[in-house]
Amino acid sequence: MSCSRRDLLKNTLKGAAVASLPLSALKVLSPAEVKATIGDSDTRWVFLVDIQKCVGCGFCVKACKIENDVPYDVGVTRTWVERYVVTKDGNTNIDTPLGGRDGYNSDMIHGEHIDPDTITKAFFVPKLCNHCKKPACVQVCPVGATYQTKEGCVLVDRKWCIGCGYCIMACPFGARFFHPTLKVAEKCTFCYHRISKGLKTACVQACPFGARQIGNLKDEKDPVSQTIMTKRVGILKDEYGTQPQVYYIGLDERVR
Amino acid sequence: MTDAATGELIVHGAEWTTKQLFVYPNEFIYWSIQIVMYPYMTGLVAGAFVLSSLYHVFGQKDLKDMARFSLVFSLCLLPVAMMPLQFHLQQPLRGVNVMFTPHFTSAIAAFGFVFSAYAVIVISEVWFEYRQYFIEQSIALKGKKSTNETLLRWFYYTLALGSRDLSEKAIAVDKKAVTILAAIGIPVACFLHGYAGFIFGSVKANALWMSPLMPVIFIMSAVVSGIALCMLTYIIIMQWKKFQAVLAKGMGDESVVVIEGVQMDVLSKATRYLLGFLIAAITLELLDLIFRGYTAMKSWDILREVMFKADFFKIFILQYGLGNLIPFLLLVVPKQQTIKKLTIALVLLLFGVFMMRWNVVIGGQAFSLSFAGYMHYTLPIIPHSMETYKEGLFGALTVVATPYLLFWIVSKFVPSIRYS
Amino acid sequence: MKSHVFRPIVVVIIAFVLLVVARQLMVPKDFGVHGESFTFGYHRLSNIDEWKNYKTKYRGKEYCRECHEEKVEENLASPHNVLECENCHGPAVDHPEDPETLPIETSRLLCQRCHAFLPYPQSNRALMPAIEPESHNPGMNCVECHNPHHPNLEDM
């Protein structure tokens, strides 16, 4: 049976909720708006990160900050690169100075030199908004100032955001922050302005080693979607049920 | 916004957050003192209202004198529940968007409506309670010539919404309306506050907050703090009146004894309710803590670190010890209750509930989402920018002081304390 | 029956009507769910275009080639062909109109992003041609000896 009782209940509730909204006179649904947009878009943007390929140069962070006018000299950033250094005693040393904006050129972590002979594994992990299929941040926005586009990108309406910070609290990945000058919630857009023109995101373009890739999951011929379909890939923090859409090759259990 | 003095960019939260070990670059203590104040103040509103309703609905005659006062006081607390949110919003002028495009899947979205509904109930109840008084005042001022008195007459006339009916039937209707509103108000007040707990309890990203018990814990401690505050304010006002009576008529005067008698009687009755809710609140909080320790999910390691090391003093000494256990003993153990002991117990209880809010709101952000680092909060004391005022000690004090200012103003027109 | 009970009710109704009127005036007409779910798709439609029209700053190597073909070819023939011109030269934005010239980042730190040695076996960083920043001509800018367009040591 394809339609379970739960689904039925869910749909009924949904229907009831939608039907009651215009009555409340607090939510206006014009039929014209609902029209053609129904039905699936043929694009679902996803991201693919190859951890082995990342050398921690931080060009992606630099490009992202400049491309998206995120103030350069502050700690907050839409994308960042973390460093993981696991030592023989089982410790995981993690850091991300300035989000890795200036790359990594020293083996000092939190002011401590780590002896190369004690390292068992060490690598870099680029992070960005996961543009989840079920974004917790969007669910909790009280005013509809953040939303998911048809292509799966989660955006913030800078003119409508009230700056309550609930979305920042709701994101399990720490992807959101307050924009230091605009005073509204800020996050990675997958460079929506670029990908919708057929360009790569600023970080993907800036990455010299192909550690970052963006693709369309609904296009079977897309190399990213082929990798995701056919290779062993992982995602971050699936226990929160948000269904992240940034996939990782070579993910480690130590990655937070 | 750039800091005018230094020209440096201010990242919201960076002023008062210190990071330790690995914390994601975008993580700061974004919800600070005002978000501690918010559930605290709504808790006081809800608690004060519940206390007044105990008399109106359940006919707890012993609370009669307390009831009017706590009703008027919950009216004064109303705008204050809103204030911390306005102080906290990065775009305070857009706050009204919550009423315009409510996104009901968000726990905050309903706030505007629940709060408005509650405000309507409280204001209407006050109106029905005092309608007779308003009309009497406007009649008494009739025929007086001075501008002040004419203005006052019109003011009372407006407060009565133009109603002049003082018939027995109409007054009976008033009484009935008050009872009905008080009855509806109890679940709404509990909902208003339980739902403040839901705002936290439903954040799945936060290991400390996410718990279905959160709303219930919040309601119980809210009622505790609300009753405690009403009792405390009542004590202060009664002591003041006693002091005035002593000044006017001398120590041994009959009215002084009357005040003392009435006061002690009212307070010891209210104490019983206070104890009941206090026990419920502590039981639930301990259940939550034990459950977390027993199930020991992934987050327990860092939670344990925070609770038993970094925040041990704040949680177990200040909140449970000083704020719960000591006042509990003070309220239960001595047979001969005195105003002094009671006052100490009430102040400690209010402090305890405040610390509970603090430990939940700030404590929930004391560790990184990565579970690999910590964040420490330093309350901004001396404000050097709008932000450090709003989200600092003085912002919080503004919020605390406002209900008293309002009460002072309201009391000029609406008598809320009787001791005859 | 005319009762005073209706008076506060009328006040509440008036307040509610005022809210509804204010909402009609203040809320953009294109606010809605637009065929998406209410949970994830409730938004102001025109915001999508606002984001689409956001200014692009990084134009990519092909844009540089339009005027600097020789330099781009030179780069493509070198081991630095994986780098975008703009990684070192800065974003083109509307160059040559705005900005007229691009500031080249020539600092030692820029090269160290990739070429400072780090012993991290599970990262390709370990495979990079690398130096020890503390002992390899400290204080000097790399470009004083190395040509970033011909980074091969033979071509130095």
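Numbering of residues starts from 1 in every chain and runs along the sequence as written. Chains carry letters from A onward and ligands carry numbers from 1 onward, assigned in written order. In view of the model being predicted, local features appear only for residues whose pLDDT reaches at least 70, and side-chain atom pairs are presented and counted only at 80 or more, with totals across whole chains, interfaces and linings using the full set of residues.

**Focus on the overall build of chain C**
Right, so step 1: Counting from the N terminus, the helices are the DSSP runs of H or I reaching at least four residues and the strands are the DSSP runs of E reaching at least two. When its secondary structure is counted, chain C shows seven helices and two strands.
Right, so step 2: The reference for a compact globule is 2.2 Å times residues^0.38; the radius of gyration itself is calculated from the C-alpha atoms. By the compact-globule yardstick of 15 Å for 156 residues, chain C is too spread out, its C-alpha radius of gyration being 30 Å.
Right, so step 3: Judged by the C-alpha coordinates and their principal axes, chain C covers about 105 × 40 × 30 Å.
Right, so step 4: When the 156 residues of chain C are sorted by exposure, 22% land in the buried category.
Right, so step 5: Here the contact rule is simple: place C-beta atoms from the backbone, and any two residues whose C-beta atoms are within 7 Å are in contact. Considering only residue pairs separated by 6 or more positions, chain C has 36% of its internal contacts joining residues 24 or more positions apart. To sort residues by burial, count the other C-beta atoms lying within 10 Å of each one's C-beta; a count of 20 or more means buried, 12 or fewer means exposed, and anything in between means partly exposed. C-beta atoms are built from the backbone.

**Side note on the interface of chain A and chain B**
Right, so step 1: Counting residues at the interface gives 43 residues for chain A and 36 residues for chain B.
Right, so step 2: Broken down by secondary-structure element, the contributors of at least two residues to the side of chain A that touches chain B are strand 3 (92-95), helix 4 (136-140), helix 5 (166-170) and strand 9 (177-178) of chain A.
Right, so step 3: Three classes are used, and their members are as follows: Ala, Val, Leu, Ile, Met, Phe, Trp, Tyr, Cys and Pro are nonpolar, Asp, Glu, Lys and Arg are charged, and the others, Gly among them, are polar. Looking at side-chain class alone, the side of chain A that touches chain B contains 27 nonpolar, 11 polar and five charged residues.

**Focus: the interface of chain C and chain A**
Right, so step 1: Every contact between the two is made by 46 residues of chain C and, on the other side, 52 residues of chain A.
Right, so step 2: For the side of chain C that touches chain A, the secondary-structure elements that each account for two or more residues are helix 1 (6-26), strand 1 (31-32), helix 2 (38-41), strand 2 (43-44), helix 3 (46-52) and helix 7 (108-115) of chain C.
Right, so step 3: Class assignment of the residues belonging to the side of chain C that touches chain A gives a composition of 23 nonpolar, 15 polar and eight charged.

**Focus: the packing of helix 1 (residues 33-58) of chain B against helix 6 (residues 168-201) of chain B**
Residue and element names in this part refer to chain B.
Right, so step 1: Relative orientation of the contacting elements helix 1 and helix 6 amounts to 155 degrees, with a least axis distance of 9 Å. The angle between helix 1 and helix 6 places the two elements in the roughly antiparallel class. Relative to helix 6, helix 1 is oriented so that their crossing is left-handed. Every residue of helix 6 that contacts helix 1 at Pro39, Thr42, Gly43, Ala46, Phe49, Val50, Ser52, Ser53, His56 and Val57 is listed here: Val178, Thr179, Ala182, Ala183, Gly185, Ile186, Ala189, Cys190, Leu192, His193 and Ala196.
Right, so step 2: The residue inventory of the contact of helix 1 with helix 6, partitioned by class, reads 13 nonpolar, eight polar and no charged. Between the N-to-C directions of two axes lies an angle of 0 to 180 degrees, each axis being a line fitted to C-alpha atoms and, for a helix, fitted only over the stretch in contact. For this classification, under 35 degrees means roughly parallel, over 145 means roughly antiparallel, 65 to 115 means roughly perpendicular, and everything else is oblique. What makes a crossing left-handed is the near helix being turned counterclockwise from the far one by less than a right angle; a clockwise turn instead makes it right-handed.

**Regarding the confidence of the model for chain C**
Right, so step 1: A residue's pLDDT is the predictor's confidence in that residue, given on a scale from 0 to 100. Per-residue pLDDT for chain C has a mean of 92; in total, 97% of the residues score no lower than 70.
Right, so step 2: Reported confidences for the modelled complex are a pTM of 0.89 and an ipTM of 0.92.

**Thoughts on the domain arrangement of chain C**
Interface extent is often summarised as the accessible area lost during association of the parts.
Right, so step 1: Start and end points for every domain follow an automatic or database-based domain assignment. In terms of domains, chain C is made up of domain 1 (6-52) and domain 2 (106-156).
Right, so step 2: A straight line from the C-alpha centre of domain 1 of chain C to that of domain 2 of chain C covers 57 Å.

**A look at the nonpolar core**
Right, so step 1: Think of a nonpolar core as buried Ala, Val, Leu, Ile, Met, Phe, Trp, Tyr and Cys residues chained together by C-beta atoms that fall within 7 Å. Grouped together as the largest cluster of nonpolar side chains are 206 residues, with contacts concentrated most on Ala170 of chain A together with Met41, Leu77, Val224, Ile227 and Cys230 of chain B.
Right, so step 2: Excluding its chain neighbours within four sequence positions, the residues that come into contact with Val224 of chain B are Gly47, Leu274, Phe277, Leu278, Ala281, Leu349 and Val353 of chain B.

**What about the sheet that holds strand 2 (residues 80-87) of chain A?**
Residue and element names in this part refer to chain A.
Right, so step 1: DSSP-based pairing: two strands are paired if at least 2 bridges between them are found. Spatial strand order, 3-2-6: three strands in an open sheet with antiparallel pairing. Of all the strands in the sheet, the pair left with one neighbour each is strand 3 and strand 6 (119-127). On average, each strand axis in the sheet is inclined to that of its neighbour by 15 degrees, with strand direction left out of account.
Right, so step 2: Here strand 2 runs beside strand 6; their pairing, made up of eight bridges, is antiparallel. If you follow Val81 over to strand 6, its bridge partner there is Pro126.

**Points about the sheet that holds strand 11 (residues 212-216) of chain A**
Residues and elements named next belong to chain A.
Right, so step 1: Taken in spatial order, the three strands line up as 11-1-12 in an open sheet, and their pairing is mixed. Either end of the sheet is taken by a strand with one partner, and the two such strands are strand 11 and strand 12 (246-249). The mean angle between the axes of side-by-side strands here comes to 25 degrees, regardless of whether they run parallel or antiparallel.
Right, so step 2: Sheet topology places strand 1 (residues 45-50) next to strand 12; four bridges connect them, and they run parallel. Following the sheet pairing, Asp50 is matched in strand 12 by Ile249.
Right, so step 3: Relative to the sheet, helix 8 (residues 223-230) contacts strand 1, strand 11 and strand 12, its axis offset from that of strand 11 by approximately 95 degrees.

**Quick word on helix 6 of chain B**
Right, so step 1: With 34 residues, helix 6 of chain B ought to run about 50 Å at 1.5 Å a step, and its terminal C-alpha atoms sit 49 Å apart, in line with that.
Right, so step 2: At Gly185 of chain B, helix 6 of chain B shows its strongest bend, of approximately 30 degrees, with the proline Pro187 of chain B following within four residues. For a helix, the expected span equals 1.5 Å multiplied by the residue count minus one. Axes are fitted to the seven residues ending at a residue and to the seven starting at it; the angle between these axes is taken as the bend at that residue.

**Overview of the packing of helix 10 (residues 312-332) of chain B against helix 11 (residues 339-361) of chain B**
All names here are of chain B.
Right, so step 1: Where helix 10 meets helix 11, the closest approach of the two axes is 8 Å, and the angle between their N-to-C directions is 150 degrees. In terms of orientation, helix 10 lies roughly antiparallel with respect to helix 11. Between helix 10 and helix 11 the crossing geometry is left-handed. Of the residues in helix 11, those touching helix 10 at Lys314, Ile315, Leu318, Gln319, Leu322, Gly323, Asn324, Ile326, Pro327, Leu330 and Leu331 are Lys341, Ile344, Ala345, Leu348, Leu349, Phe351, Gly352, Val353, Met355, Met356, Trp358 and Asn359.
Right, so step 2: Among the residues forming the contact of helix 10 with helix 11, the class breakdown is 16 nonpolar, five polar and two charged.

**Topic: helix 8 (residues 254-295) of chain B**
All names here are of chain B.
Right, so step 1: Between the first and last C-alpha of helix 8 there are 62 Å, a value that for 42 residues agrees with the 62 Å anticipated at 1.5 Å per step.
Right, so step 2: Turning to helix 8, its buried residues are Ile259, Gln263, Val266, Leu267, Ala270, Thr271, Leu274, Phe277, Leu278, Ala281, Ile282 and Glu285.
Right, so step 3: At the exit of helix 8 stands Ala296, carrying a positive phi of roughly 40 degrees.

**Section: the environment of Met37 of chain B**
All names here are of chain B.
Right, so step 1: Along the polypeptide, Met37 turns up in helix 1.
Right, so step 2: The class for Met37 is buried, based on 28 C-beta atoms found within 10 Å.
Right, so step 3: Expressed as a C-alpha distance, the spacing of Met37 and Val122, which sit 85 residues apart in the sequence, is 21 Å.
Right, so step 4: Each residue touching Met37, except ones within four places of it in the same chain, is listed here: Pro84, Ala396 and Val399.

**Comments concerning unusual backbone geometry**
Right, so step 1: For the bond from His95 of chain C to Pro96 of chain C, the omega torsion is 10 degrees, close enough to zero to count as cis.
Right, so step 2: Its place among the elements puts Pro96 of chain C in the loop between helix 6 (85-89) and helix 7.
Right, so step 3: Here the amide bond leading from Asp98 of chain C into Pro99 of chain C is cis, since omega sits at 0 degrees, within 30 degrees of zero.
Right, so step 4: With respect to the helices and strands, the residue Pro99 of chain C is situated in the loop between helix 6 and helix 7.
Right, so step 5: Here the phi dihedral of Leu98 of chain A falls at roughly 50 degrees; this positive angle occurs in a residue that is not glycine.
Right, so step 6: Counting through the fold element by element, Leu98 of chain A comes out in the loop between strand 3 and strand 4 (108-109).
Right, so step 7: The exposure class of Leu98 of chain A is partly exposed, given the 18 C-beta atoms found within 10 Å.

**Digging into the environment of Val224 of chain A**
Right, so step 1: By the secondary structure assignment, Val224 of chain A is in helix 8.
Right, so step 2: Residues Val224 of chain A and Val76 of chain A, spaced 148 residues apart in sequence, show a C-alpha to C-alpha distance of 28 Å.

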